[in-house]
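Fold and geometry: a report
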Amino acid sequence: MEQLTPADIGLPPVPDQEGKRRALRRMKLVALAFLLGATVIFLLTTWAQSAGWPGWVGYVRAAAEAGMVGALADWFAVTALFRRPLGLPIPHTAIIPSKKNMIGSSLGEFVGTNFLSEHVVRDKLQRVQVSRRFGEWLAKPENAERVTSELATVVRGVVTVLKDEDVQAVMEQAVVRRVVEQPWGPPLGKLLEQVFADGAHYKLVDLMCDRAYEWVRDNHATVLRVVSDRAPSWSPKFVDAMLADKVYGEVLSFAWAVKTDVNHPMRLALDKFLGEFAQDLQNDAETMARAEQVKQQILDHPDVQKLIGSAWSTAKGMLLNAAEDPSSELRRRVREGLRNLGERLVSDEGLGGKVDGWVQGAAAYVVRNYSTEITTIITDTVERWDAEETSRKVELQVGRDLQFIRINGTVVGALAGLVIYTVAQLLF
């Protein structure tokens, strides 16, 4: 399957780890530059005040001093999240490394409470309209072809992995043994009874009568030979010939009558026999026993055994050929079926509602019964992390944004210092 990139689904590209490290170092240098700038300004204005410069220098000095203090305070706060500032064992520092397991547990609990609740999941899936979106995607020919190709790959993989002897054993256990154990008489009798009641057997009877008449008509010599062979040895040959012709004529007339008269006694007798035979298959113990004997003879026949043995090999070859050929009837039908399903999911609100209900129900079941196991993934993963490695991972993800706290601390501190110094000058 072709691998999707973030751009394919409308997301911005994910920066690599090295890129994040460079961005973090750059922002740290910017924040440090603000601190150094405030420090330099503080030193210069302090010298200027001692040198007798005008009063405005005091305002700048106060702003620089407060900015420097704000920058140092925020540097301490940001650094204390990930490590001990200057390596000193100051209480309540290196919060992430020391509180790693508690953070992981709290994060897992937060996710489970706020994201893996049944109400939240159902509401989100209802607003997403999974069936409509999936239907619109599946209705496109290229997507239906893609799903068909993936299904073909799965079929090829499964069929290839399965051992022929294992499948053969399963088929014998699940199919052949059930056929052997299931009596044939009663179900076959019910089937024949329904066929006879509907009159579907009349065409077969007509065919048999037609063929019987045609055989008699086309086998005059055979009938004569049979009659002659059965005649007494002392009977004259011309008498045998006359008798044979008479018998042949009677048989031919009888066959014609049966063929043309739908109410002929022979036909009626045949209907009666078939009806009684269907009843006997269901109720007569001797007939049912003979049906079982016939069944066993059929299953024990070498050709039938050979057919059973080669059934999986034949089916396997057909599946592989159909899966590998994009123009095969199987793949074409699957492809068309998927497209039709996609169109129905879009147009049929009833079907779409059912699918959405199934999806919501399945998701709710998972959340309801396995939310604890899902959130355990977060807590267990965090617990397995090394403390220092955890700190580095978190800092790499959010450290760049935290550097803005240092920058803002410098700027806000300078403004606050300037305001405080100004108010003090005005009041005193």
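The name given to the chain in an unreviewed UniProt entry is DUF445 domain-containing protein, with Amycolatopsis tucumanensis as the source organism.

Below, the discussion takes up the nonpolar core. The biggest cluster of nonpolar side chains holds six residues, and these are Leu35, Ala38, Phe42, Ala64, Met68 and Ala71. Those elements that provide at least two residues to this core are α1 (17-50) and α2 (56-82).

This part covers the UniProt feature "transmembrane region" (unreviewed entry) in the chain. Here, UniProt's "transmembrane region" (unreviewed entry) annotation points to residues 29-48. From the first C-alpha to the last, residues 29-48 spans 28 Å; its make-up is 100% helix and 0% strand.

Here we come to the packing of helix α5 (residues 118-128) against helix α17 (residues 349-384). Helix-helix packing is described using two parameters, namely the angle between the two axes and the distance between the axes. Running from N to C, α5 and α17 cross one another at 155 degrees; their axes reach a closest spacing of 9 Å. Looking at the two axes, α5 sits roughly antiparallel to α17. You can see that α5 and α17 cross each other, and the crossing is right-handed. Counted together, Glu118, Val121, Arg122, Leu125 and Gln126 of α5 and Val359, Gln360, Gly361, Ala363, Ala364, Val367 and Arg368 of α17 form the full contact between these two elements. Classifying every residue of the contact of α5 with α17 gives six nonpolar, three polar and three charged.

The next point concerns the pattern of salt bridges. According to the stated counting rule, one finds 17 salt bridges in the structure shown. A salt bridge links Arg25 to Glu18; the nearest nitrogen and oxygen atoms lie 3.7 Å apart. Classification of Glu18 as partly exposed rests on a relative accessible area of 36%. In this structure, Arg127 and Asp123 form a salt bridge, with 3.0 Å as the shortest nitrogen-oxygen distance. Placement of both Arg127 and Asp123 in helix α5 is noted, with a separation of four residues, approximately one turn of the helix. What makes Arg127 exposed here is its relative accessible area of 54%. Via salt bridges that share partners, Glu18, Arg21 and Arg25 belong to a single interconnected network.

With that settled, consider a nonpolar patch on the surface. Residues Ile41, Trp47, Trp53, Trp56, Tyr59, Val60 and Leu418 make up a contiguous nonpolar surface patch of about 690 Å² in total accessible area. Counting residues per element, the nonpolar patch draws most heavily on α2, at three residues.

Let us now look at the environment of Leu330. With respect to the element layout, Leu330 can be found in helix α16 (residues 329-347). Judged by its relative accessible area of 40%, Leu330 falls in the partly exposed class. The spatial distance from the C-alpha of Leu330 to the C-alpha of Ala152 is 9.8 Å, given a sequence separation of 178 residues. The residues contacting Leu330, other than those within four sequence positions of it, are Leu319 and Ala322.

So, on to the side chain of Glu395. Within the element layout of this structure, Glu395 appears in helix α18 (residues 387-427). Owing to a relative accessible area of 6%, Glu395 belongs among the buried residues under this scheme. A polar contact of 3.0 Å, which involves the side chain of Glu395, links it to the side chain of Lys28. Within the local environment of Glu395, its side chain forms a polar contact with the side chain of Arg83, the two groups lying 2.6 Å apart. If sequence neighbours within four positions are ignored, Glu395 has contacts with Leu24, Lys28, Phe82, Arg83 and Arg400.

Right, let's talk about α1 for a bit. The end-to-end C-alpha distance of α1, which contains 34 residues, comes to 50 Å, matching closely the 50 Å that a straight helix rising 1.5 Å per residue would cover. Those residues of α1 lying buried are Gly19, Lys20, Ala23, Leu24, Met27, Ala31, Leu35, Ala38, Phe42, Thr45 and Ala48. On its buried side, α1 packs onto α2 and α18. Positive phi appears at Gly52, one or two residues downstream of α1, with a value of about 85 degrees.

The residue Leu43 is located in helix α1 in this model. We classify Leu43 as exposed; its relative accessible area is 52%. Along the chain, Leu43 and Arg61 lie 18 residues apart, while their C-alpha atoms are 8.2 Å from each other.

Looking now at helix α9 (residues 185-198). The end-to-end C-alpha separation of α9 is 20 Å, in line with the 20 Å expected for 14 residues at 1.5 Å each. Regarding α9, the residues found buried are Gly185, Gly189 and Phe196. Taken end-on, α9 shows its buried residues confined to a sector of 30 degrees, consistent with a single buried face. With respect to the buried face of α9, the exposed residues turned more than 90 degrees away are Lys190, Leu191 and Asp198. Taken from the residues just after α9, Gly199 is the one with a positive phi, measuring 75 degrees.

Analysis parameters
- Every chain is numbered on its own, with residues counted from 1 as its sequence reads.
- Local features are withheld for residues below a pLDDT of 70 in this predicted model, meaning they are given only at 70 or higher, and side-chain atom pairs are given and counted only at 80 or more; totals for whole chains, interfaces and linings count all residues.
- Computation of side-chain values covers all heavy atoms of the structure but excludes hydrogens and water.
- Among the buried residues, those of types Ala, Val, Leu, Ile, Met, Phe, Trp, Tyr and Cys that are joined through side-chain atoms within 4.5 Å form a nonpolar core.
- Partly exposed describes any residue whose relative accessible area lies between the buried limit of under 20% and the exposed limit of over 50%, with all areas from a 1.4 Å probe on protein chains only and scaled to the type maximum.
- Put simply, DSSP marks the helices as runs of H or I at least four residues long and the strands as runs of E at least two long, and each gets a number from the N terminus on.
- UniProt positions are given in the numbering used here, feature names are shortened, and annotations may be inferred rather than shown by experiment.
- Between the N-to-C directions of two axes lies an angle of 0 to 180 degrees, each axis being a line fitted to C-alpha atoms and, for a helix, fitted only over the stretch in contact.
- The scheme is simple: roughly parallel for angles under 35 degrees, roughly antiparallel for over 145, roughly perpendicular for 65 to 115, oblique for anything else.
- Rotating anticlockwise by less than a right angle from the far helix to the near helix defines a left-handed crossing, while the corresponding clockwise rotation defines a right-handed one.
- Working rule for contacts: check all heavy atoms of both residues, and any pair within 4.5 Å makes them a contact.
- Note on residue classes: Ala, Val, Leu, Ile, Met, Phe, Trp, Tyr, Cys and Pro are nonpolar, Asp, Glu, Lys and Arg are charged, and everything else, Gly too, is polar.
- For this document, the term salt bridge refers to a Lys or Arg side-chain nitrogen within 4 Å of an Asp or Glu carboxyl oxygen.
- Patches here: salt-bridge-free residues with over 30% relative accessible area, like charges joined within 9 Å, nonpolar side chains (Val, Leu, Ile, Met, Phe, Trp, Tyr) joined within 5 Å.
- The Shrake-Rupley method, run with a 1.4 Å probe, gives the accessible areas here. Residue values count only the displayed protein chains as cover.
- Nitrogen and oxygen atoms within 3.5 Å of one another constitute a polar contact, given that in protein one can donate a hydrogen and the other can accept it, and given that sequence-neighbouring residues count only through two side-chain atoms.
- Working rule for helices: expected span equals 1.5 Å times residues minus one.
- As used here, the arc is the angular range of directions from the helix axis to the C-beta atoms.

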